[in-house]
Amino acid sequence: MDIAIIGSGYVGLVTGACFADVRHSVICVDNDQRKIENLQNGVIPLYEPGLEEVVHRNVSANRLRFTTSTAEGVDESQIVFIAVPTPPQPDGSVDLTYIEKVAREISEVLKEYRVIVDKSTVPVKTGEKVADTIRRYAKGSVEFDVVSNPEFLREGCAVADLMNPDRIVIGSNSDRALSLMKKVYEPFMAPIMVTDMNSAELIKHAANSFLALKISYINAMSAICEASGADVERVADGIGADKRIGRSFLNAGLGYGGSCFPKDVAAFVAISDELGVPFTLLKEVQRINQNQMDRFIKKIKDTLWVLKDKRIAVWGLTFKPDTDDVRNSVAIDLVAQLLREGAIVRAYDPKGADKVAEYNLCEGVVLAKSALEAVEDAEALVLANEWNEFQSVDFVQVRKKMHTPLLFDGRNLFDPVTMKELGFIYHGIGRALAR
Ligand SMILES: NC(=O)c1ccc[n+]([C@@H]2O[C@H](COP(=O)([O-])OP(=O)(O)OC[C@H]3O[C@@H](n4cnc5c(N)ncnc54)[C@H](O)[C@@H]3O)[C@@H](O)[C@H]2O)c1
């Protein structure tokens, strides 16, 4: 199939590369000229495990190319995917200006039948509005179908998720569009679920909200564990072993962050309000999430008392391991709060430091080049995300380098008993007894 992807970010670029890898011919479009020039020169603008190799392999095979021209993408493809941002507005509702702009841009260059696929995460009924917009702005009568095809990839394992999806959701009632969409996804050999467009759009918000709810559920449980002397890890194992519940997304921590969960939950709250059926449960999910960070900061303050001039090391800046994505990272919120209290923060992240520096996200933070450099003379170490690398650091060295052996484990990555044996005073999340 000939495919265009409009928006070559975390979703668009990985999707384009994986489509090319199953032998489709793909044009990735972006209006960020620097990004496209970099891609044309073989420079990948984001870190995602395995992505660079897939991109290079498919560029060499002439199945993947890059352009800033939407017209070129639309002209040379049968199917046009939209993967542009859908950021939140101050009231939580979705800013749909990027989607609307792309719809107009497509309409201006549409000459013959195309399937326009919305892969961005959008409020229910957006597809109908995209179709209305294209119809309104198109030059003359031209045939097209709009399809919803939400994306469920996880950053950090996006290539693997795209190559082996749990399911493909396609929202459309056009047989013509459906038969082309099935051809796109045939090589992935995954279950294809066909729904109407509104249901497909709702599935994405419902899925992300449910995952956020699971995280807030275990985080609320962690507060109960702390108050009662139980261990949230054992509770999570106990309930997660039940197949109806499952263990994933039951890891107590600093709360969910990133470019998706906070905005998608807020969007779903706003959408349900607008539909006149307020989803109040999700407001509680948001409250618990905020509360989790507040409780963690309080824990640090209860121990260190005054934070002003305290030397604090932070490991982890990205919103999760195995990515360089720092958008809405709770680790960055944490660093910002420590800095506001006057602490001297030295932070290390295996991949996120460049973006933190580029966007000046934590003014005043010192960016260390290694985990060990970050802890030099520190009065406390805070673990803010769970890169594998942090598990293999030599904690005897860490102990020697630190001024005071205080460890705040915001992701319950370390074993409290081992850390105690190594001489640390360990504070985890919801682990009052710590065995
Ligand atoms: N990142 C994720 O893990 C993830 C997962 C599933 C769904 N989503 C959804 O996918 C969408 C895209 O997310 P992302 O993380 O890839 O965003 P991103 O910011 O990484 O990428 C979006 C790209 O679109 C480009 N763009 C904006 N307007 C354009 C235009 N008019 N023409 C061409 N290019 C344009 C931007 O320059 C940028 O490169 C969002 O709706 C998001 O909610 C994201």
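Analysis parameters
Residues numbered from 1 in each chain as written. Predicted model: local features only at pLDDT ≥ 70, side-chain atom pairs only at ≥ 80, totals over all residues. Heavy atoms only, no water. Phe/Tyr/Trp six-rings, centres within 6.5 Å; stacked < 30°, edge-to-face > 60°. Lys NZ or Arg CZ within 6 Å of the ring centre and 35° of its normal. Helix = DSSP H or I, 4+ residues; strand = E, 2+ residues; numbered from the N terminus. Buried < 20%, exposed > 50% of the residue type's maximum accessible area, 1.4 Å probe, protein only. Contact = heavy atoms within 4.5 Å. Near = heavy atom within 4 Å. Polar contact = N/O pair within 3.5 Å; in protein donor to acceptor, adjacent residues only side chain to side chain. Areas by Shrake-Rupley, 256 points an atom, 1.4 Å probe, with all protein chains shown as cover. Nonpolar A, V, L, I, M, F, W, Y, C, P; charged D, E, K, R; others polar.

### Here we look at the packing of aromatic side chains
Point 1. Summed over all chains, the structure comprises 12 aromatic pairs.
Point 2. Clustering of aromatic rings is evident, with ring pairs tying together Trp 315, Tyr 348, Phe 390, Phe 395, Phe 414 and Phe 424.
Point 3. It is Arg 167 that lies over the ring of Phe 152; its NZ or CZ is 3.6 Å from the centre.
Point 4. For the cation-ring pair, Arg 176 lies above Tyr 113, with the distance from its terminal atom to the ring centre recorded as 3.5 Å.

### Quick look at the environment of Ala 212
Point 1. Mapped onto the elements of the fold, Ala 212 is located in helix α9 (residues 197-228).
Point 2. For Ala 212, a relative accessible area of 0% puts it in the buried group.
Point 3. Spatially, the C-alpha atom of Ala 212 lies 8.6 Å from that of Gln 286, the residues being 74 residues apart in sequence.
Point 4. Contact partners of Ala 212, with chain neighbours within four places excluded, come to Tyr 256, Phe 261, Val 265 and Val 285.

### Quick notes on the site of the ligand
Point 1. Near the ligand lie 27 residues; those nearest to it are Asp 30, Lys 35, Thr 86, Glu 155 and Lys 263.
Point 2. Taking Lys 35, its side chain carries an N or O atom lying 2.6 Å from an oxygen atom of the ligand.
Point 3. Thr 86 places a polar side-chain atom, nitrogen or oxygen, 2.6 Å from an oxygen atom of the ligand.
Point 4. Summarising the interface, the protein chains cover 91% of the accessible area of the ligand, which totals 840 Å² for the free molecule.
Point 5. Mapped onto the shell around the ligand, the elements with two or more residues apiece are α1 (10-21) and α5 (97-109).
Point 6. Element by element, the count of residues in the shell around the ligand is highest for α5, at 3 residues.
Point 7. Partitioning the shell around the ligand into residue classes produces 10 nonpolar, 8 polar and 9 charged.

By themselves, these observations are geometric and do not establish any function.
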